[in-house]
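Residue-level structural notes
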Amino acid sequence: MAQSAVQPSTTPTALPAKLPIGAIVPWAVFFGVLMLVLLYFVGAEQGATSVTSGENVHEWVHDARHLLGFPCH
């Protein structure tokens, strides 16, 4: 029994796909701008820099403001 009946398999190993940097940049810019807008509404949408009138946005993000450590009153 010197020979094995089962031949070793030669399956190729999986390699990660290469993603070009040009495909990532537009998405990174989009999400970066989106995060800055959200940060503005949570952290600074109140008072003299207010984009919207009234207290609606302040009330919607009030708990997030406290959770992130922004003072609001």
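Residues numbered from 1 in each chain as written. Predicted model: local features only at pLDDT ≥ 70, side-chain atom pairs only at ≥ 80, totals over all residues. Heavy atoms only, no water.

In terms of helices and strands, the protein chain carries three helices and zero strands. Moving toward the C terminus, one meets the helices and strands of the protein chain in the order α-α-α. Each of the 73 residues in the protein chain was classed as buried or not, and the buried ones make up 11%. (Helix = DSSP H or I, 4+ residues; strand = E, 2+ residues; numbered from the N terminus. Buried < 20%, exposed > 50% of the residue type's maximum accessible area, 1.4 Å probe, protein only.)

Moving on: the packing of aromatic side chains. Summed over the entire model, instances satisfying the criterion amount to four aromatic pairs. Here the aromatic rings of Trp-27 and Phe-30 are separated by 6.3 Å at their centres, their planes lie at 90°, and the arrangement is edge-to-face. Taken as a pair, Trp-27 and Phe-30 lie in helix 1 (residues 21-43) at a separation of three residues, close to a single helical turn. By relative accessible area, which is 55% here, Trp-27 ends up exposed. In this structure Phe-30 comes out as partly exposed when scored by relative accessible area, which is 46%. One aromatic cluster is present, built from ring pairs that chain together Trp-27, Phe-30 and Phe-31. (Phe/Tyr/Trp six-rings, centres within 6.5 Å; stacked < 30°, edge-to-face > 60°.)

Its location among the elements puts His-62 in helix 3 (residues 62-67). Classification of His-62 as buried rests on a relative accessible area of 18%. Within the structure, His-62 has its side chain in polar contact with the side chain of His-66 (distance 2.9 Å). Those residues in contact with His-62, other than ones at most four positions away along the chain, are Cys-72 and His-73. (Polar contact = N/O pair within 3.5 Å; in protein donor to acceptor, adjacent residues only side chain to side chain. Contact = heavy atoms within 4.5 Å.)

Before going further, it helps to examine the side chain of Arg-65. Its place among the elements puts Arg-65 in helix 3. Under the relative-accessibility criterion, Arg-65 is labelled buried at 1%. With residues near it in sequence (within four places) discarded, Arg-65 still touches Phe-41, Val-42, Gly-43, Glu-45, Gln-46, His-58, Phe-70 and Cys-72.

A separate point is a nonpolar patch on the surface. A surface patch of nonpolar side chains, about 630 Å² in accessible area, is lined by Leu-19, Ile-21, Ile-24, Val-25, Val-29, Val-33 and Val-37. Considering the arrangement of structural elements, one finds Leu-19 in the segment before helix 1. Its relative accessible area of 60% is what places Leu-19 among the exposed residues. (Patch = residues over 30% accessible without salt bridge, like charges linked within 9 Å, V, L, I, M, F, W, Y side chains within 5 Å. Areas by Shrake-Rupley, 256 points an atom, 1.4 Å probe, with all protein chains shown as cover. Salt bridge = Lys/Arg side-chain N within 4 Å of Asp/Glu carboxyl O.)

Once that is clear, we can look at the confidence of the model for the protein chain. In this model, the protein chain carries an average pLDDT of 81, and 89% of its residues clear a pLDDT of 70 or more. Within the protein chain, helix 1 carries the highest mean pLDDT (91), whereas helix 2 (residues 56-60) carries the lowest (79). (pLDDT = per-residue confidence, 0-100.)

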